[in-house]
Amino acid sequence: MASRKDGAVAEIEKKIIEAFEVFDHECNKTVDVREIGSIVRSLGCFPTEAELHELLAKVEEEEPTGYINLEKFLPVMTKVLLDRSYQPIPEDVLLHAFEALDENKCGYITKEELIKYLTEEGEPFTEEEMEDMLSTALDPETNTVRYRDYISMMIVDET
């Protein structure tokens, strides 16, 4: 029984190391602190910015260097994956959120409406996050986001 659990941990650690190494450009077991969000999301976790900052606080050196070491990141991220922390928002919740913003119930939101909601409400998107989202979500012909299609693209297959 213990060996199966150890095997699962070893498999998780292997995935974390592989994801970390993609961003370890110097091959010295460190990554730029700004890459941690990408690494965490590539592993199927979707923390808020506040949660990401909490995670960074656990893995940064006492005197921040701007880099994160694999030896500090690995045990923290292993626990995150074992605990299934930062799970994606379920599809029905995303759909309900978009429908609440779609005042005319027409199945889409205009680019202008979306920018307004995502930069002026709640935890605002940065300009880069807005550009990334719009490049994926926006229908260039109609300048709208057909949110059912967009949600289908975003859903993480957990198989």
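Note that the structure is predicted; figures quoted are calculated from it, not measured.

Moving on, we come to the overall build of the chain. If you tally the helices and strands in the chain, you get eight helices and four strands. Along the chain, helices and strands appear, N-terminal first, in the series α-β-α-α-β-α-α-β-α-α-β-α. C-alpha atoms of the chain, sized along the principal axes, occupy 55 × 40 × 25 Å. Here the chain holds 159 residues, and the buried ones make up 31% of them. Counted over contacts in the chain with a minimum sequence separation of 6, partners at least 24 positions apart contribute 60%. Of the accessible surface of the chain, which amounts to about 10800 Å², a share of 52% is contributed by carbon and sulfur atoms. Once the 16 positive and 38 negative side-chain charges of the chain are each reduced to a mean point, those two points are 6 Å apart.

Right, let's get into the packing of helix α3 (residues 49-59) against helix α4 (residues 70-82). At a minimum axis distance of 9 Å, the contact between α3 and α4 shows a crossing angle of 140 degrees. Judged by the angle between their axes, α3 and α4 are oblique. Handedness of the α3/α4 crossing: right-handed. Between α3 and α4, the residues in contact are L55, K58 and V59 and K72, F73, V76 and V80, respectively.

Here we come to the environment of T144. Position of T144 relative to the elements: it lies in strand β4 (residues 144-146). Under the relative-accessibility criterion, T144 is labelled buried at 7%. Taking C-alpha positions, T144 is 39 Å from I12, a pair spaced 132 residues apart along the chain. Within the local environment of T144, its side chain forms a polar contact with the side chain of T142, the two groups lying 2.6 Å apart.

What follows covers the UniProt feature "domain: EF-hand" (unreviewed entry) in the chain. Residues given the UniProt feature "domain: EF-hand" (unreviewed entry) here are residues 11-46 and 89-124. Counting secondary structure, residues 11-46 comes out at 56% helix and 8% strand; the distance between its end C-alpha atoms is 20 Å. Within the segment residues 89-124, helix and strand shares are 58% and 8% respectively, and the terminal C-alpha atoms sit 18 Å apart.

A few words now on the environment of V9. Mapped onto the secondary structure, V9 falls in helix α1 (residues 2-23). Along the primary structure V9 and F73 are separated by 64 residues, whereas in three dimensions their C-alpha atoms are 15 Å apart. Setting aside residues no more than four positions away along its own chain, V9 makes contact with T78 and L82.

Another aspect to go through is unusual backbone geometry. The backbone phi angle of C27 is positive, close to 55 degrees, even though this residue is not glycine. Residue position: C27 is located in the loop between α1 and β1 (30-32). For C27, a relative accessible area of 68% puts it in the exposed group. Notably, N143 is not glycine yet its phi reads approximately 60 degrees, a positive angle. Residue class for N143 comes out partly exposed when judged on its relative accessible area of 31%.

This next bit is on the side chain of T30. Relative to the assigned elements, T30 resides in strand β1. Engagement of the side chain of T30 in a polar contact is seen with the side chain of N28, the distance being 2.6 Å.

Mapped onto the elements, T136 comes out in helix α7 (residues 127-137). Classification of T136 as partly exposed rests on a relative accessible area of 43%. Once the C-alpha coordinates of T136 and M153 are considered, the two residues, 17 residues apart in sequence, prove to be 8.7 Å apart. When sequence neighbours within four positions are dropped, the list of residues in contact with T136 reads Y150 and M153. At a separation of 3.3 Å, a polar atom in the side chain of T136 contacts the main-chain carbonyl oxygen of D132.

Reading the values: rules and limits
- Residues numbered from 1 in each chain as written.
- Predicted model: local features only at pLDDT ≥ 70, side-chain atom pairs only at ≥ 80, totals over all residues.
- Heavy atoms only, no water.
- Helix = DSSP H or I, 4+ residues; strand = E, 2+ residues; numbered from the N terminus.
- Buried < 20%, exposed > 50% of the residue type's maximum accessible area, 1.4 Å probe, protein only.
- Contact = heavy atoms within 4.5 Å.
- Areas by Shrake-Rupley, 256 points an atom, 1.4 Å probe, with all protein chains shown as cover.
- Lys, Arg positive; Asp, Glu negative; His and termini not counted.
- Charge placed at Lys NZ, Arg CZ, Asp CG, Glu CD.
- Axes fitted to C-alpha atoms, helices over the stretch in contact; angles between N-to-C directions.
- Parallel < 35°, antiparallel > 145°, perpendicular 65-115°, else oblique.
- Left-handed = near helix turned anticlockwise from the far one by under 90°.
- Polar contact = N/O pair within 3.5 Å; in protein donor to acceptor, adjacent residues only side chain to side chain.
- UniProt positions renumbered as here; feature names shortened; annotations may be inferred.

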